[in-house]
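# Observations on chain architecture
Residue-level listing of the chains:
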Number of protein chains: 2
Amino acid sequence: MKVAVLGYGTVGVGVYEMLQAAEGLEAGPVLVRPGKENEAFKVSRIEDIVGDPTVDAVAEVMGGVEPAFSYAMAAIRAGKHFVTSNKALVAAKGVELNRAAREAGVSFLFSAACGGGVPILHNLARAVRTDEILSVGGILNGTTNFMLDQMQSTGKDYADALREAQELGYAEADPTADVTGLDALRKIMLACAVAWGVLPKEGLLNEGIDSLSAADVKDFMARGFVCRLVASGQPAPEGKVSAYVEPVLVRAGDAESAVLKNYNMARYEGRNAGPIAMIGQGAGRYPTASAVLRDLSGICVGEAAMFPADCVEGVADNSAAAHAYYVRLPEACADAFPVREVLAEDGETLRVLTETVSVQKMHETARALRKANNAVFFAAVREG
Amino acid sequence: MKVAVLGYGTVGVGVYEMLQAAEGLEAGPVLVRPGKENEAFKVSRIEDIVGDPTVDAVAEVMGGVEPAFSYAMAAIRAGKHFVTSNKALVAAKGVELNRAAREAGVSFLFSAACGGGVPILHNLARAVRTDEILSVGGILNGTTNFMLDQMQSTGKDYADALREAQELGYAEADPTADVTGLDALRKIMLACAVAWGVLPKEGLLNEGIDSLSAADVKDFMARGFVCRLVASGQPAPEGKVSAYVEPVLVRAGDAESAVLKNYNMARYEGRNAGPIAMIGQGAGRYPTASAVLRDLSGICVGEAAMFPADCVEGVADNSAAAHAYYVRLPEACADAFPVREVLAEDGETLRVLTETVSVQKMHETARALRKANNAVFFAAVREG
């Protein structure tokens, strides 16, 4: 099967290299920006790929919704299988791509868009056919996990941890999507769509780690907790799903606490299989390229789709989710949440453990407090 | 696809139940012992399954090599897909079954034979097509993990932990295969065959946990270690593979230390994907049945094989594997190993940390010492 690659950045180079070595797969043309066609295999016009009858499949690793979406639709309509690592694309346009691919009778797979090298979506799609999925989630962003691990193991502050992540190539020049939890949110959107056939587009909640300080880390570590950025997805009534991302304090010794560096830990729970967790590198050239290659070789043995045929866009309903939270906020805002225990106060800043608060209320209240220029950090507390 | 089930024990009941609910799959006859045909769907003659043209696939969950092997060959030769959870069968006859299935043009899958509900073999087989596998292994026996967890979390001695495992249905009436490491060894044999096309049949080494005492646990836990029974597989020169099972002391806080109860943690490392670990229930009715069902539904979308076409039986070569070991032995045997550090001695019993010793030499020396009626416990020490 001859595979054209759209994009020749970090992941694209890995995919192209791996295609050279893969049995049953052949590297086709690679789409680069105009002016960058400095080698014979590079082309800069999408028509040279979509219109090439020898190309059987297209692997898109450019990122962004456009022009990736237009290229994807053109490839699919030209009868080419479509594989992507692009979570922004699938989160925005996955339902439409799924429908188009099924109409064209081609495969549409995107393992690399959630978990990097960790094959969570493939396994979820495989499990869905014979098991009922009760929940999905986990640590789905390697950049923030690296930063949290650095802050917790070395005492670094947020800015230093971010700088180090950027120097190592884990964080983009603009790290907004990672540190605000948006990247993890897109991934849990995909997992929800695979698990329950609903791609939630509204009502989603994401809190990242951009409010976290070295003082917070010092305080909750002294209490035996480790912070992880965790995505959660669950079915909700009336064909909705609950989907949100927030920091979670787990106990040192919990499985998540052993997920270090830029690793991911993606999980699902099946009614029959029970809880399944998968750990591996969530990003990087070769881990991500390996997921793209597994999808491409999967097409050769019949793998066709990850979203169910009747997958629809939907609305998130997080009203049933609720936890106790660890919150750091100004003392003047002490009455924002029902407090179970005051952990520390210094006349200005308060650290509290709340009673059980709904996820919706926690995220909304924090947003309102910040709008009024109050500094707030919060994290759900894993109890029991 | 209509599926006949061979065996109606713990797993068989789960498979039969799940087949009722699975879309695209249909429950066929179930093979039980003569005299047990107390319901219309039960038959006691294999001919009633093999000769039934409406049966498309056979799921074998009886256990044991015979008559399972004869039944499997009869089913395959009759053109039926064959799925099994039976590690003893695949470890003994996997190469022959693989060849027969490929000749007959039917699928031969056995996810449930390694990892229970943890889909390690499926993912390994999928990864092999585009990545080079550098190692396989992990915690592959839920019974012994449950016992170790009990001994370590409650201070129970070995006999009490075994009794509790039996009461909860995790250990068989005869627990020999579990506690000696033989069950985990069979599983790592399968993983080696999937990863490198060599099913090692000779030269294998397995040490279990049947020498472990409450005093050992107390001692190494005080030193910050947790014991896990770990299987290891790696490529070796001249088309051989290294494959062995032994207790390993990991640091509290290492990922394996968070694998509790009857859970498994199966892992592989790909040259491109990096290390991938999968955690879930390694045994039990529904987790194991869920793996069988995923294979059956996989056949409907084209999954055909886990062993490569040219898979052969081979010989294990463990000569390159070596570790430092924690050893408890009689003081009179103190010179059996090069000692790096004496950890404890009481005039009778010695606890030492050895220099790096080859796995081969460690297992052989312990066997020789025991033959001369010396009580020995040993565990590799995870360093660094």
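This text follows the structure it describes.
Numbering of residues starts from 1 in each chain and follows the order in which that chain's sequence is written. Labels are handed out in written order, letters beginning with A for the chains and numbers beginning with 1 for the ligands. Only residues with pLDDT of at least 70 get local features here, since the model is predicted, and only at 80 or more are side-chain atom pairs given and counted; chain-wide, interface and lining totals rely on the full set of residues.

## Points about the overall build of chain A
- Helix and strand definitions here come from DSSP, where helices need a minimum of 4 consecutive H or I residues and strands a minimum of 2 consecutive E residues; each element is numbered from the N-terminal end. Helices and strands together make up the secondary structure of chain A, namely twelve helices and 18 strands.
- To get the radius of gyration, use the C-alpha atoms; to get the globule rule, take the number of residues to the power 0.38 and multiply by 2.2 Å. Here the C-alpha radius of gyration of chain A, 22 Å, is about what a compact globule of 384 residues would show, namely 21 Å.
- With respect to the principal axes defined by its C-alpha atoms, chain A has extents near 70 × 45 × 35 Å.
- Between the buried cut of 20 or more and the exposed cut of 12 or fewer other C-beta atoms within 10 Å of a residue's own C-beta lies the partly exposed class, and all C-beta atoms are placed from the backbone. Evaluated residue by residue, chain A yields a buried proportion of 58% over its 384 residues.
- Any pair of residues counts as being in contact when their C-beta atoms, constructed from backbone geometry, are within 7 Å of one another. Across chain A, every contact between residues at least 6 apart in sequence was considered, and the portion connecting residues at least 24 apart equals 73%.

## Topic: the packing of helix 1 (residues 10-21) of chain A against helix 11 (residues 285-300) of chain A
All names here are of chain A.
- Direction vectors running N to C along helix 1 and helix 11 enclose 55 degrees, while the axes themselves pass 8 Å from each other. Relative to helix 11, helix 1 is oriented oblique. The handedness of the crossing between helix 1 and helix 11 is right-handed. Residues Thr10, Val11, Val13, Gly14, Val15 and Met18 of helix 1 form the contact with helix 11, whose own contacting residues are Arg285, Tyr286, Thr288, Ala289, Val292 and Leu293.
- Residues belonging to the contact of helix 1 with helix 11 are distributed by class as follows: eight nonpolar, three polar and one charged. Axes, fitted as lines to C-alpha atoms, cover a helix only where it is in contact. Angles between the N-to-C directions of the axes lie from 0 to 180 degrees. Roughly parallel refers to an angle under 35 degrees, roughly antiparallel to one over 145, roughly perpendicular to one between 65 and 115, and oblique to any angle outside these ranges. For any pair of crossing helices, the crossing counts as left-handed if the nearer helix is rotated counterclockwise from the farther one by less than a right angle, and right-handed if it is rotated clockwise. Gly falls in the polar group here, along with every residue not listed as nonpolar (Ala, Val, Leu, Ile, Met, Phe, Trp, Tyr, Cys, Pro) or charged (Asp, Glu, Lys, Arg).

## Considerations on the relation of the copies chain A and chain B
- Fitting of the copies onto one another was done by least squares over C-alpha atoms, counting residues only where both copies have pLDDT of at least 70. Screw-axis analysis of chain A against chain B gives a translation of 0.0 Å along the axis, an RMSD of 0.0 Å, and a rotation angle of 180 degrees. Both chain copies can therefore be described as sitting about a two-fold axis. Nearest to the rotation axis, the C-alpha of Met278(A) is located 2.2 Å from it, this being the minimum over chain A.

## Examining the nonpolar core
- Each nonpolar core comprises buried Ala, Val, Leu, Ile, Met, Phe, Trp, Tyr and Cys residues, the members being joined through C-beta atoms within 7 Å. Grouped together as the largest cluster of nonpolar side chains are 280 residues, with contacts concentrated most on Leu124(A), Cys192(A), Leu124(B) and Cys192(B).
- Two domains share this core, each providing at least three of its residues, namely domain 1 (2-113) and domain 2 (322-381) of chain B.
- Sequence-distant contacts of Cys192(A), that is, excluding residues within four places in its chain, are made with Val136(A), Val198(A), Leu199(A), Pro200(A), Gly233(A), Val241(A) and Ala243(A). Domain start and end points were adopted from an automatic or database domain assignment.

## Some remarks on helix 6 (residues 142-154) of chain A
Residue and element names in this part refer to chain A.
- The span one expects for a helix is its residue count, reduced by one, times 1.5 Å. The end-to-end C-alpha distance of helix 6 is 18 Å, a good match for the 18 Å that 13 residues give at a rise of 1.5 Å each.
- Burial of helix 6 is extensive: eleven of the 13 residues sit out of reach of the surface.
- Considered for burial, the residues of helix 6 that qualify are Gly142, Thr143, Thr144, Asn145, Phe146, Met147, Leu148, Asp149, Gln150, Met151 and Gln152.

## A look at the pairing of strand 15 (residues 322-330) of chain A
Residues and elements named next belong to chain A.
- The pairing of strand 15 with strand 17 (residues 349-358) spans eight bridges and is classified as antiparallel. Bridge pairing in strand 17 links Val327 to Val352.
- Note on pairing: two strands pair once DSSP finds at least 2 bridges between them. In this structure, strand 15 lies alongside strand 18 (residues 377-381), joined through four bridges in antiparallel fashion. Note that in strand 18 the partner of Tyr326 across the bridge is Ala379.

## With respect to the interface of chain A and chain B
- Facing 38 residues of chain A, the contacting portion of chain B comprises 38 residues.
- Counting residues per element, the ones that place at least two in the side of chain A that touches chain B are helix 5 (120-128), strand 13 (274-281) and helix 11 of chain A.
- Across the side of chain A that touches chain B, the residue classes break down as 18 nonpolar, 13 polar and seven charged.
- The sheet contact formed by strand 13 of chain A and strand 13 (residues 274-281) of chain B spans three bridges and is antiparallel. Across the sheet, residue Ile279(A) finds its bridge partner in strand 13 of chain B, namely Ala277(B).

## Here we look at unusual backbone geometry
Residue and element names in this part refer to chain A.
- Geometrically, the link from Glu66 to Pro67 is a cis peptide bond, its omega value of 10 degrees lying close to zero.
- The residue Pro67 is located in the loop between strand 4 (57-60) and helix 3 (68-77) in this model.
- Positive phi outside glycine occurs at Lys261, with the angle close to 50 degrees.
- When you line up the elements, Lys261 lands in the loop between strand 11 (240-251) and strand 12 (263-270).
- The backbone phi angle of Asn373 is positive, close to 65 degrees, even though this residue is not glycine.
- Secondary-structure assignment places Asn373 in the loop between helix 12 (359-371) and strand 18.

## Here we look at the environment of Ala243(A)
All names here are of chain A.
- As for its position among the elements, Ala243 is in strand 11.
- C-beta crowding within 10 Å serves as the criterion here: with 31 such atoms nearby, Ala243 is assigned to the buried category.
- Sequence separation between Ala243 and Ala191 is 52 residues, and the spatial gap between their C-alpha atoms is 9.7 Å.
- Not counting the four nearest positions on each side in its chain, Ala243 is found in contact with Ile188, Met189, Cys192, Pro200, Leu204, Gly233 and Ala316.

## Observations regarding the sheet that holds strand 4 of chain A
- The sheet built from six strands is open, its strands ordered 3-2-1-4-5-6 (chain A) with parallel pairing. Each edge of the open sheet is held by one strand with a lone partner, namely strand 3 (42-43) and strand 6 (108-109) of chain A.

## Side note on the environment of Asp48(A)
All names here are of chain A.
- Inspection of the secondary structure puts Asp48 in helix 2 (residues 47-50).
- Here Asp48 falls in the partly exposed class, since 15 other C-beta atoms lie within 10 Å of it.
- Taking the C-alpha atoms as reference points, Asp48 and Ala4, separated by 44 residues in sequence, lie 10.0 Å from one another.
- With near-sequence residues (within four places) excluded, Asp48 lies in contact with Pro29 and Val43.

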